[in-house]
Amino acid sequence: MVRAAGGAKTVVMGLLIAERRARLRVLVVDDSAEFRSAVRAYLHGATDAQVVGEAADGDEATHEVERLRPSLVLMDMHMPICNGIEATRRMRTLEPRPHIVLFSLHAEPELQHAALAAGADEFYSKRDFVPLVEATLTKLSSAAQR
Amino acid sequence: MSETLCVLLIEDSESDAGLVLRTLSQGDHPLHALRVESAAELRAALVESSWDVVISDYQLPGFSAPAALTIVREAQLDVPFIVVSGTIGEDEAVMMMKAGAADYVMKSNLLRLLPAVVREVSDARHRRARRVAEAAEAGLRAQLGDSQREAYEQLSAWHRRLELTKDEERRVLSRELHDELGQTLTALKLRLKVVPRAGPSAVPAAVASSIDDALALVDSLIDRVRKISVDLRPPLLDELGLESALRAFVESQARVSSTRWSLQTAGIGQRLAPELEIACFRLVQEAVTNVLRHAGASSASIRVARENERLSIAVLDDGCGLSGARAQACARAGHLGLVGMRERARALGGELSVSSPPSSGEPTGTRIDVLLPA
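The model shown is predicted, which means the values in this text are computed figures rather than measured ones.

Got a minute to help me understand the environment of Ala297 of chain B in this structure?
All names here are of chain B. Inspection of the secondary structure puts Ala297 in the loop between helix H10 (274-295) and strand S9 (299-307). We classify Ala297 as buried; it has 23 C-beta atoms within 10 Å. For the pair Ala297 and Leu316, spaced 19 residues apart in the sequence, the C-alpha separation amounts to 9.7 Å. Every residue in contact with Ala297, bar those within four places of it in the chain, is listed here: Thr259, Val291, Asp317, Asp318 and Gly319.

What exactly am I supposed to notice about the nonpolar core here?
Considering soluble globular proteins, one finds that nonpolar side chains tend to be buried as a cluster. In terms of nonpolar packing, the biggest core is built from 75 residues, with Val73 and Leu74 of chain A together with Val284 of chain B touching the most fellow members. Tallying contributions element by element places H10 of chain B first for this core, with nine residues. Among residues more than four places away in sequence, those in contact with Val284 of chain B are Leu246, Ile302, Val304, Ile313 and Val315 of chain B. Ranked by size, the runner-up nonpolar core spans 32 residues in total, among them Phe81, Ile82, Met96 and Val117 of chain B.

Would you mind showing me how to read the interface of chain A and chain B here?
Bring the parts together and some accessible area is lost; that lost area is often taken as the interface size. Each partner contributes residues to the interface: chain A has 26 residues there, and chain B has 23 residues. Within the residue set of the side of chain A that touches chain B, elements represented by two or more residues are helix H1 (2-5), helix H3 (33-46), helix H6 (109-118) and helix H7 (129-145) of chain A. A total of eight residues in the side of chain A that touches chain B trace back to one element, the largest contributor, which is H3 of chain A. Along the lines of polarity and charge, the residues of the side of chain A that touches chain B split into 14 nonpolar, six polar and six charged.

It is not clear to me how unusual backbone geometry should be interpreted in this structure. Could you clarify?
Glycine aside, a negative phi is what most residues show, and trans is what most peptide bonds show. Cis geometry is adopted by the peptide bond preceding Pro96 of chain A, which originates at Glu95 of chain A and carries an omega value of -10 degrees. One non-glycine residue, Asn308 of chain B, lies in positive phi territory at about 50 degrees. Note on placement: Asn308 of chain B falls in the loop between S9 and strand S10 (310-317). For Asn308 of chain B, a count of 8 C-beta atoms within 10 Å corresponds to the exposed category.

Rules behind the numbers
Residues numbered from 1 in each chain as written. Chains lettered and ligands numbered in written order. Predicted model: local features only at pLDDT ≥ 70, side-chain atom pairs only at ≥ 80, totals over all residues. Helix = DSSP H or I, 4+ residues; strand = E, 2+ residues; numbered from the N terminus. Buried ≥ 20, exposed ≤ 12 C-beta atoms within 10 Å, placed from the backbone. Contact = placed C-beta atoms within 7 Å. Core = buried A, V, L, I, M, F, W, Y, C linked by C-beta atoms within 7 Å. Nonpolar A, V, L, I, M, F, W, Y, C, P; charged D, E, K, R; others polar.

What follows is the structure in structure tokens.
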């Protein structure tokens, strides 16, 4: 009901947000192609962030960050070969340093602690991916505006 | 899967009882159920018949789940106790779990009930089977003559192989759950989330509301997958190694028990062989469970150290000690995982020893030592 009444207003706000978010370049890192593609579809369909690349493990992710210079890396913690924690350690020394988000299916506080200790900026539980990524995008866009 | 499921239901509301039974009747088992609503009726039901599971409302007129749980525990029956309530708060739920309830399910989320019941009933059946096996093994050991030692060693070796196979199966299953089911479910959730963004004009209200329902179902599936996968194999162990996983485990136990825990580690900052890490984690886990269940300790300490190519684990508590008679009583009741722990240690070429100073009436504490080649 609220939605119907404020419909027009929402669209205008949406356009404004679209302009603000236009600059966000995102790298999606997960060993599940299914999840990567769902993130891509979601960001494309529901936000104005642009997915510039994908990687399936931490090694590949580090190369892609150097090559594509994304401003945001969304990365799974649990991956074969080189996991998210190790990749974060490598990425945090890069210039310019992307905003790094590690996520996990699990939500144990110890995982969050380990993610932040490795140098990640944020930790998400995958179950709550949508509201959290929305908040990150909003935060990064308004920071870029200033 | 056609064994009858015997359910003892503690519930004063006939309609709520009907709801619970309808939910359970969707499973593979024919149901046999009895509804009681007082302590006297519960006691009588426990004596008259055997039950696979007790499901209890939290608050009834003149009766409650905590009181019911006490009665079930006093009857010394290993029957899983599940609380189903519309009103239970987190504090009450934690108290119930600490008192020995197997699970709690909100009336608003009865979908969870059937899987919880199936899981707990199957766990309890396994526990019973293991108790029988352990008792048989203890009996066998007592009667052994030298000539039969070889046969016993053979049996022991099989047991060891079983432990290792179990760990490996659990690891594979946990990976499968996490990597396949978990990933697909989270992807599905994202896909569903894109739809409402098309806006109210593009998505009819009925569709939007059914998508919301679907999202709630996906969330509940993700939670279950997560829980099963953690039970099978702690996620911290794979990602962060033994030290962090142990620390997290001990901290989580410290939060829910009145025992003061301390953990000391040395030389395990670096990764060990995966089978050694999981064995060590499980050994500490089982030792901690023993202390929590039986020792009544006010403080306990754990030391895990790797030195001279050996991994030593020591768990000490200041509880009621473990006299021979008490240990045997526990083993008979199937509580003491010491047999399993010893076999686990042997499977890796290690040894386990238990010491408790001779009892002289005073609390003496117990010490469990494990040495593994590393």
